[in-house]
Amino acid sequence: MKHLQIRKSSFSSPIAFVCNLALVYAAYGICRLAYLFENWAALSEGFDTLSFWEAFKGCWMFDTSAILYTNALFAILALFPLHYKEKDLWQTIVKWIYVVVNSICIIANLIDAVYFQYTGRRTTASIFEEFSNEGNIGDVLGVELLRHWYLVLLGILLIAALIFMYVKPKGKMRLFTTKEFLTYYVIQTVCFALYLPITICGMRGGATTAVRPITLSNANQYVNRPAEAALILNTPFSMIRTVNKNVFVDPEYFSREELDKIYSPVHVPSDSLVSRKKNVVILIMESYGREYIGAYNKNLDGGKYKGYTPFTDSLIEHSVTFDYTFSNGRKSVDGMPSILSSIPRFIEPFFLTPASLNDVSGIAGELSKVGYYSAFFHGAENGSMGFEAFAHSTGYKDYFGRTEYNQDKRFNGDADFDGMWAIWDEEFLQFYALKMTDMKEPFVTSVFTASSHHPYVVPERYKNIYKDDPGDDNIMHKCIRYVDNSLRLFFETAKKQPWYDNTIFVITSDHTNLSSYSEYQTELGLVSSPIIIYDPSGEMQPQQRHCIAQHIDIMPTILNYLGYNKPYVSFGIDLFNTPDEDTWVVGHNNGVYFYGKGDYVMLFTEDSQIKGVYNFKKDWFMKDNLKGKIGAVEQQLEKELKAIIQSYMIRMTEDELVVKESKK
């Protein structure tokens, strides 16, 4: 066997392999620090109570899993006991597989450092479906590359480190004797045999048979707040663990009979309902978070805070509002189902899951049964974000997007396009108001605005009016001021239309956005969206209710107010016929459910563990964990939350999102 050539050191390949994995660990750690510093305001709160060693343990475990998954091919090619792998060509191929794969992982982690401010969590595999219909992602990335040039520079340096610090097996190629050749194979085989079980354990997150493969929710055991779980996780792991994942599983907390006694989303109208044939207009304002609205924040800045929405503030004075108002998700694709179909986001956005193929209804679908015409408006390219498909599936008869706007001779078509996402809000809301005049009453319509969105610009004619104020580093504020003015102009036009006085207006946001105040960077602050119900006829008495309201309450509240007389499925409640103390909010983020009712909010992990209970009205920043201290209240919160979760899961998996009409 003297014709066989192998490197002098039998251990050279395994040693080089370990050194290269160590380099990847270092890169992940640097990316995590960048993630932390980029989102310091949201992630640093509560660091004083965070155990460094517990956090380090969690980071190490999740990084190990991701690194071993993504470097599986590299490992096999580097360690497989085959002497041909010592050749230079083989080693060159192995190196570039390593560099390319880990460069992608570095880029994913750094991009996610920016995306976190919009979602509050690590990006999962659903991102590909969420933006599958968007043709402007390249433009968006281009803007962010310029804005976050320091992260681009860091990424280049880390990728350069992978290339130039890569360790190749040492030793010169030479002819081996038979004994040396056998020694080589024994050593290489033993190293490869040791690598396999270590890798399996590392991927799973543990060595014992009792350990289930770790998931995103496991990150919460190393932190105090769900938002901090994003720091423990890494983006490659989050994406790998959510590919083709069975999102909805019945936790089997209760029997079906017990479950329906505790909680049921089936609403059966009472005989005392008063029928009203009013139009319904739902304005979903992109990123129009509660933080930006002065009327909601009279105590901020010691009572000096004015906000950025003078028109919205004036409208609130004549509307029904609520002390605590929340969205049921952090993305636009969460807002649509929550607001229009009363379906909260649990685990993943509803219409990015297989359950979206279920029979689904909503406020438009239900009102169509009693003679309402319905239409949905969105100024982006038709099909964008999957809104058109969802609107039709939930019962909207017609859809008006950028295509229909361009066809309307009263407007300037693509001259009113913002160059990135959609028609500017001012023009599109005017189009919306006038199109409703062409509709037969009663109607239910919804519009989803777009201008208060990345890349945070306003029309050229407003650049000297709505601009970044000196000392204000929140680039959303000028957009919010522009959108508030667009809303004012919409109502000015709407007031002149014959349908106006017979219409109920609901104004809310799809989710929150860039925050400047710590009060809006807590678990509940991150989902604090306005909910404003305005009736220009005055029949609905203006008031501020001292209770909780959430997106999924909009549909049942409006349907019951209109006197809708058919049963329907809605996960929310009728706010007008529910005592203040019985209103509640539910949501999910980073593997943790939250459920707020009365004075308390409970954090509950996906593996059915109570993580914390807080009096959010007195302890908004959730510093004082009351877990185990409030007895029956905690037990009741847990029972109700479990029932909501289980009912949700059953209805998703068994296609029970509408009330089936009985056959006569």
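Small disclaimer: the values here were computed from a predicted structure and weren't measured. All residue numbers refer to position in the chain's written sequence, counted from 1. The predicted nature of this model means local features are confined to residues of pLDDT at least 70 and side-chain atom pairs, given and counted, to a pLDDT of 80 or more, with totals for whole chains, interfaces and linings taken over all residues. Hydrogens and waters are ignored; side-chain quantities use all the structure's heavy atoms.

Undergrad: How should I be thinking about the nonpolar core in this particular structure?
TA: It is characteristic of soluble globular proteins that their nonpolar side chains tend to be buried jointly. Residues enter a nonpolar core if they are buried and are Ala, Val, Leu, Ile, Met, Phe, Trp, Tyr or Cys, with the set joined through side-chain atoms within 4.5 Å. Relative accessibility thresholds used throughout: buried, under 20% of the residue-type maximum; exposed, over 50%; partly exposed, between the two (1.4 Å probe, protein chains only). In terms of nonpolar packing, the biggest core is built from 75 residues, with Phe-350, Ile-363, Leu-367, Phe-376, Phe-387 and Ile-558 touching the most fellow members. A run of H or I in DSSP becomes a helix once it reaches four residues, and a run of E becomes a strand once it reaches two; helices and strands are each numbered from the N terminus. Per-element tally for this core: the top contributor is helix α21 (residues 631–653), with 9 residues. Excluding residues that lie within four positions of it along the chain, Ile-363 makes contacts with Val-280, Ile-282, Leu-340, Tyr-396, Val-444, Met-555, Ile-558 and Leu-559. Of all hydrophobic cores here, the second largest spans 53 residues; its members include Ile-293, Phe-311, Leu-487 and Ile-507. What makes two residues a contact is simply this: any of their non-hydrogen atoms within 4.5 Å.

Undergrad: Explain the pairing of strand β9 (residues 503–509) to me, please; I cannot follow it from the model alone.
TA: For a regular strand, side chains alternate in direction, first toward one face of the sheet and then toward the other. Buried residues dominate β9, accounting for 7 of its 7 residues. Two strands are said to pair when DSSP picks up at least two bridges between them. Sheet topology note: the strand β4 (residues 279–285)/β9 ladder contains 7 bridges and is parallel. Bridge pairing links Leu-283 to Ile-507 in β9. In the sheet, β9 pairs with strand β10 (residues 531–534) via 4 bridges, with the strands oriented antiparallel. Its bridge partner lying in β10, Thr-508 is registered against Ile-531.

Undergrad: For this particular structure, what's the right way to read helix α3 (residues 52–70)?
TA: The periodicity of an α-helix, 3.6 residues per turn, causes residues three or four positions apart to be oriented the same way. The first and last C-alpha atoms of α3 sit 27 Å apart over 19 residues, in line with the 27 Å expected at 1.5 Å per residue. Of all the positions in α3, only Ala-55, Gly-58, Cys-59, Met-61, Phe-62, Asp-63, Thr-64, Ser-65, Ala-66, Ile-67, Leu-68 and Thr-70 are classed as buried. A helix is expected to span 1.5 Å multiplied by its residue count minus one.

Undergrad: Explanation requested: the packing of aromatic side chains in the structure shown.
TA: Here the distance between the centres and the angle between the planes together describe a pair of aromatic rings. Note on aromatic contacts: the rings of Phe and Tyr and the six-membered ring of Trp form a pair at centre separations within 6.5 Å, being stacked when their planes are under 30 degrees apart, edge-to-face when over 60 apart, and tilted otherwise. Per the stated rule, a full pass over the model turns up 54 aromatic pairs. Here the aromatic rings of Phe-62 and Phe-237 are separated by 5.0 Å at their centres, their planes lie at 80°, and the arrangement is edge-to-face. With Phe-62 in helix α3 and Phe-237 in helix α11 (residues 235–242), the pair connects residues that are 175 residues apart, well separated along the chain. Assessed through its relative accessible area of 1%, Phe-237 is described here as buried. One residue, Arg-276, lies across the ring of Tyr-561, its end atom 4.1 Å from the ring centre. By the criterion adopted, a ring carries a charge over it if an Arg CZ or a Lys NZ lies within 6 Å of its centre and within 35 degrees of its normal. Positioned above the aromatic ring of Phe-417, the side-chain terminus of Arg-402 is 3.7 Å from the ring centre.

Undergrad: What's the story with the packing of helix α18 (residues 425–437) against helix α19 (residues 476–494) in this structure? I'm lost.
TA: Pairs of packed helices are described in terms of their axes, by the angle between the two and the distance that separates them. Contact pair α18 / α19: the axes reach a minimum separation of 9 Å and the direction vectors enclose 25°. The orientation of α18 relative to α19 falls into the category roughly parallel. Both α18 and α19 take part in a crossing whose hand is right-handed. Across from Asp-425, Glu-426, Glu-427, Leu-429, Gln-430, Tyr-432, Ala-433, Leu-434 and Met-436 in α18, the residues of α19 making contact are Tyr-482, Val-483, Ser-486, Leu-487, Leu-489, Phe-490 and Thr-493. For helices, the fitted axis covers only the stretch in contact; all axes are lines through C-alpha atoms, and the angles between them, taken along N-to-C directions, range from 0 to 180 degrees. With respect to orientation, any angle under 35 degrees is reported as roughly parallel, any angle over 145 as roughly antiparallel, any angle of 65 to 115 as roughly perpendicular, and every other angle as oblique. Whether a crossing is left-handed or right-handed is set by the direction in which the near helix is turned from the far one by less than a right angle, anticlockwise for left-handed and clockwise for right-handed.

Undergrad: Please clarify how the environment of Gly-294 should be interpreted in this entry.
TA: Mapped onto the elements of the fold, Gly-294 is located in the loop between β4 and α13 (310–316). Residues Gly-294 and Lys-304, 10 residues apart in the sequence, show an inter-C-alpha distance of 9.6 Å. With near-sequence residues (within four places) excluded, Gly-294 lies in contact with Tyr-305, Lys-306, Gly-307, Thr-309 and Asp-313.

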